[in-house]
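Residue-level structural notes
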Amino acid sequence: MKYILFFLIFFPVLLQAQYKYGLTPVTLQQYQQQVKGDPEKELVNLTSAIPGIVLDIRYATTNNFTGEVIYNLPRAYARKPVAEALKEAQEEFSKHGVGIKVYDAYRPYSATVKFYEVYRDTTYVASPYKGSRHNRGCAIDMTLIDLKTGEELRMPTEYDSFKKEAWPTTPVKDALIKKNRDLIISVMHKHGFRVNASEWWHFDFNGWQKFEVMDIDFEELE
Ligand SMILES: [Zn+2]
């Protein structure tokens, strides 16, 4: 009895604590309702939608800036029009002999809150007051791989580097690295994305505003 009472008192407090930044994300039930009204809101599994796409979902491993496993499953989801645009980009990249490797795509809102609480600099992590475009299923973190060898192309920095070299506007001396960075940015811009000002690997889908912030984990989606 004591435990039940404890639970009844503290469970609502815990729920509120999770959303203490004044933003209430869409839950699974609300999402399912929204997709019925607007099929564009569907979160699409990128592995099924884009032939040949490669995943290296860093937040499902300890190989990320938090040093912790954040996701239970290594999955990449994005809203339907985002997945379609990315598929076209992948087709264009293939003409250059390269393909897409995704580090992160849709990210549940709870993960954004966690990142902020680990690293409170909103230059590099999204503000939990606004949420991330990843939370809307409208951002892709990615690099390019050589289609023959599967090796990553050389880029200015590692993924999730907090250095100024990660900014797309920072000059690059190495001609090959510059060429690779120009290629990823120009093809993604052509297909409806915009590179982030401090991360060469992060691309926002133009039109992300119409998609809500969600807090649905991968198990719930599947
Ligand atoms: Zn990102």
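Because the structure is predicted, anything quoted here is derived from the model rather than measured.

Reading the values: the criteria
- Residues numbered from 1 in each chain as written.
- Predicted model: local features only at pLDDT ≥ 70, side-chain atom pairs only at ≥ 80, totals over all residues.
- Heavy atoms only, no water.
- Salt bridge = Lys/Arg side-chain N within 4 Å of Asp/Glu carboxyl O.
- Helix = DSSP H or I, 4+ residues; strand = E, 2+ residues; numbered from the N terminus.
- Buried < 20%, exposed > 50% of the residue type's maximum accessible area, 1.4 Å probe, protein only.
- Donors = N, O, S within 2.8 Å, 3.2 Å for Na, K, Ca; no water.
- Contact = heavy atoms within 4.5 Å.
- Expected span 1.5 Å × (residues − 1).
- Polar contact = N/O pair within 3.5 Å; in protein donor to acceptor, adjacent residues only side chain to side chain.
- Core = buried A, V, L, I, M, F, W, Y, C linked by side-chain atoms within 4.5 Å.
- Pairing = 2+ DSSP bridges.
- Axes fitted to C-alpha atoms, helices over the stretch in contact; angles between N-to-C directions.

Some points on the pattern of salt bridges
A complete count under the given rule lists 16 salt bridges for this structure. Put simply, glutamate 212 and lysine 41 hold a salt bridge, and the shortest N to O gap is 2.9 Å. Residue glutamate 212 is found in the loop between strand S7 (199–205) and helix H7 (218–221), and its partner lysine 41 is found in the loop between helix H2 (28–37) and strand S1 (43–45); the two are separated by 171 residues along the sequence. Residue lysine 41 is classed as buried on the basis of its relative accessible area of 11%.

Things to note about the coordination of the zinc ion
Each donor-metal-donor angle would ideally measure 109.5 degrees in four-coordinate tetrahedral geometry, or 90 or 180 degrees in six-coordinate octahedral geometry. Surrounding the zinc ion are the protein donor atoms His134 (NE2), Asp141 (OD), Asp141 (OD) and His202 (ND1), at 2.0 to 2.8 Å. Within one chain, the residues serving as donors to the zinc ion are arranged as H-x6-D-x60-H. One end of the pair, histidine 134, is in the loop between helix H5 (109–118) and strand S5 (139–146); the other, histidine 202, is in strand S7, and 68 residues separate them in sequence. Taking relative accessible area as the criterion, histidine 134 reaches 1% and is therefore assigned buried. Classification of histidine 202 by relative accessible area gives buried; the value is 6%.

Comments concerning the environment of threonine 62
Within the secondary structure, threonine 62 is located in the loop between strand S2 (54–55) and strand S3 (77–79). A sequence separation of 88 residues divides threonine 62 from glycine 150, and the C-alpha atoms of the two residues are 22 Å apart. Among all residues touching threonine 62, those that are not within four sequence positions of it are Gly67, Glu68 and Val69.

Considerations on unusual backbone geometry
Despite not being glycine, aspartate 160 shows a phi value in the positive range, around 60°. Structurally, aspartate 160 is set in the loop between S5 and helix H6 (175–190). Given the relative accessible area of 13%, aspartate 160 is considered buried.

Considerations on H6
In a regular helix each residue adds 1.5 Å, so 16 residues correspond to 22 Å; H6 covers 22 Å between its end C-alpha atoms and thus fits that length. For H6, the full list of buried residues reads Ile177, Asn180, Arg181, Leu183, Ile184, Ile185, Val187 and Met188. N-capping of H6 is provided by aspartate 174, with a side-chain oxygen placed 2.9 Å from the backbone N of leucine 176. Just downstream of H6, glycine 192 is the residue with a positive phi angle, here 95°.

Section: the nonpolar core
Residues Leu86, Phe93, Ile140, Met142 and Ile184 are the most contacted members of the largest nonpolar core, which totals 60 residues. Of the residues forming this core, the biggest block, six residues, is contributed by helix H4 (residues 80–95).

Observations concerning the sheet that holds strand S4 (residues 98–104)
What the five strands build is an open sheet, ordered S2-S4-S5-S7-S6; its pairing is mixed. Edge positions in the open sheet fall to S2 and strand S6 (193–196), since each of these has one partner strand only. On top of the sheet, H4 reaches S4, S5, S6 and S7; it is set at about 145° to S4, its chief contact. Across the sheet, H6 touches S4, S5, S6 and S7, and the angle it forms with S5 is around 130°.

Observations regarding the pairing of S7
Along S7, seven of the seven residues are buried, which leaves the element largely enclosed by surrounding structure. Sheet topology note: the S5/S7 ladder contains three bridges and is antiparallel. For isoleucine 140, the partnering residue across the bridge sits in S7 and is phenylalanine 203. Two successive antiparallel strands, S6 and S7, enclose a turn made up of two residues.

Honestly, that's just the spatial picture; any functional story needs more than this.
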